[in-house]
Amino acid sequence: MATIAFIGLGNMGGPMASNLVKAGHSLSVYDLVPEAVEKLVNEGARAADNPGQAVEGADFVVTMLPAGKHVAGIYLGEDGLLQSLDPKTVVIDSSTIDAETSRSVGQAAREMGIGMMDCPVSGGVAGAAAGTLSFMCGGAAETFEKAKPILECMGAKIFHAGDHGAGQIAKMCNNMLLSVLMVGTSEALRLGQDNGLDPKVLSEIMGASSGKNWTLEVYNPCPGVMENVPSSNDYKPGFMVDLMCKDLNLALENALQNGSSTPMGALARSLYTSHARKGNGKRDFSSIFEFLG
Ligand code: NAD
């Protein structure tokens, strides 16, 4: 069993760290919020007073932080963790951040002989709790093989997308497509309803036809079509509109830098940003169905 430092115990990091404890690993944990640390300590982890103390003697370091500035802040600079890590430590950053920051932190680690992977996830809070997340990983193949057994304690599907930053790019592409599918599914269901069709029947027809997609079949945005999805629970998240806006901003900034053409992503960002501004930021992203009403 490994010694693991886990930093960032929020909605996602908390349950991910719990699964590592359940798998029998020895965890040292740190977060700015004492209650988040206490919860993990009650499950068998050790509390660290600061990130430096958390990583002492660690075989693996896992971070699950809000944005690129937090990740750069923890790892880089004179007080950054990279300065104090043993080169045999494997570093896993599962935060969803800009690929540029992942590349620069990953490259800085490589120059110090430390193996680092960007490993953002898909599957949300429910997937984190169930240990069924998908990990999209960027970094050296050798580091990926070392990280894999740890990732398997928290996820069901583990992909190696390429070198540093590739995990972030894969996640960014997936979520941009997801937003477009959600808007498209919502407007098709609205159009059918406006013509008097039963959305359940229409969903069944499209699900068996060429309009079939995940947002229609697994996460239907129209209330009452499916049980146990956010649309049938007043759009309680699930995956928040604010987080979809964050991911679309990452995708569109990247597209701008690369000169990539992403007209549907740009439209989806515009719709989701307006929806958030109308007070829906903390609701599930399938509530875009109401926005189109
Ligand atoms: P969160 O805000 O619930 O948790 C972030 C945690 O990081 C907080 O507990 C915060 O106190 C801690 N933190 C911030 N700065 C810190 C620092 N310097 N040192 C130690 N701890 C620090 O966020 P979350 O929902 O857990 O998301 C984490 C990451 O996962 C984000 O990048 C998010 O985009 C991504 N993500 C979230 C979801 C989701 O459904 N919530 C799904 C996939 C990916």
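Residues numbered from 1 in each chain as written. Predicted model: local features only at pLDDT ≥ 70, side-chain atom pairs only at ≥ 80, totals over all residues. Heavy atoms only, no water.

Asker: Which residues make up the side chain of Thr-262, and what values do they have?
Answerer: Note on placement: Thr-262 falls in the loop between helix H11 (241-258) and helix H12 (263-280). Every residue in contact with Thr-262, bar those within four places of it in the chain, is listed here: Met-176, Leu-252 and Ala-255. (Helix = DSSP H or I, 4+ residues; strand = E, 2+ residues; numbered from the N terminus. Contact = heavy atoms within 4.5 Å.)

Asker: Explain the domain arrangement of the chain to me, and be specific about the residues and the numbers.
Answerer: Assigned domains within the chain: domain 1 (3-164) and domain 2 (169-291). For domain 1 versus domain 2, the distance between C-alpha centres works out to 29 Å. The partner domain 2 presents seven residues to the eleven residues of domain 1 that form the contact. Counting the surface lost from both domain 1 and domain 2, the interface buries some 760 Å², and carbon and sulfur atoms represent 62% of this. The largest contributions to the domain 1 side of the interface with domain 2 come from Thr-96, Ala-99 and Met-136, which together make up 47% of the buried area. Counting across the domain 1 and domain 2 interface gives zero salt bridges. Our count for the domain 1 to domain 2 interface comes out at three residue pairs in polar contact (both at pLDDT 80 or more). (Domains from an automatic or database assignment. Buried area = accessible area lost by both parts, 1.4 Å probe. Salt bridge = Lys/Arg side-chain N within 4 Å of Asp/Glu carboxyl O. Polar contact = N/O pair within 3.5 Å; in protein donor to acceptor, adjacent residues only side chain to side chain.)

Asker: Outline the nonpolar core, supporting the account with residue identities and numerical values.
Answerer: Within the largest apolar cluster, 33 residues are counted, with the highest numbers of intra-cluster contacts made by Phe-6, Met-16, Leu-27, Ile-92, Phe-135 and Leu-151. For this core, the elements supplying multiple residues, two or more each, are strand E1 (3-7), helix H1 (13-22), strand E2 (26-30), helix H2 (34-42), strand E4 (60-63), strand E5 (90-93), strand E8 (133-138) and helix H7 (141-151). Aside from chain neighbours lying at most four places away, what touches Leu-151 is Ile-92, Cys-119, Phe-135, Cys-137 and Ile-158. Listed in part, the 22 residues of the second largest apolar core include Ala-48, Ile-97, Ala-109 and Ile-114. (Core = buried A, V, L, I, M, F, W, Y, C linked by side-chain atoms within 4.5 Å. Buried < 20%, exposed > 50% of the residue type's maximum accessible area, 1.4 Å probe, protein only.)

Asker: Outline helix H5 (residues 99-111), listing residues and values.
Answerer: Because an α-helix completes one turn every 3.6 residues, residues spaced three or four positions apart along the sequence face the same direction. Relative to the 18 Å expected for 13 residues at 1.5 Å per residue, H5 spans 18 Å between its end C-alpha atoms, a close match to the ideal helical length. Listed as buried for H5 are Ala-99, Thr-101, Ser-102, Val-105, Gly-106, Ala-108 and Ala-109. The inward-facing, buried residues of H5 contact helix H4 (68-75), strand E6 (115-118) and helix H8 (166-194). Two residues or fewer after H5 comes Gly-113, characterised by a positive phi angle close to 80°. (Expected span 1.5 Å × (residues − 1).)

Asker: I'd like to hear about the pairing of E1, residue by residue, with values.
Answerer: Burial within E1 is extensive, with four of its five residues counted as buried. Two strands pair when backbone bridges link them, and E1 and E2 are joined in this way by five bridges, in the parallel orientation. By the bridge assignment for E2, Ile-4 is matched with Leu-27. Handedness of the E1-H1-E2 crossover: right-handed. Pairing between E1 and E4: four bridges, direction parallel. Note on E4: the bridge partner recorded for Ile-4 is Phe-60. (Pairing = 2+ DSSP bridges. Right-handed = clockwise from strand over helix to strand, strands pointing away.)

Asker: A description of unusual backbone geometry should follow, citing residues and the corresponding values.
Answerer: The phi torsion of most residues other than glycine is negative, and most of the peptide bonds are trans. Put simply, Pro-237 and Gly-238 share a cis peptide bond, and its omega is 5°. Along the chain, Gly-238 falls in the loop between helix H10 (214-217) and H11. At Asn-228, a residue that is not glycine, the phi angle is positive and equals roughly 60°. Following the sequence through the fold, Asn-228 ends up in the loop between H10 and H11. For Tyr-235, which is not glycine, the phi torsion reads 60° and is therefore positive. As for its position among the elements, Tyr-235 is in the loop between H10 and H11. The exposure class assigned to Tyr-235 is buried, which follows from its relative accessible area of 2%.

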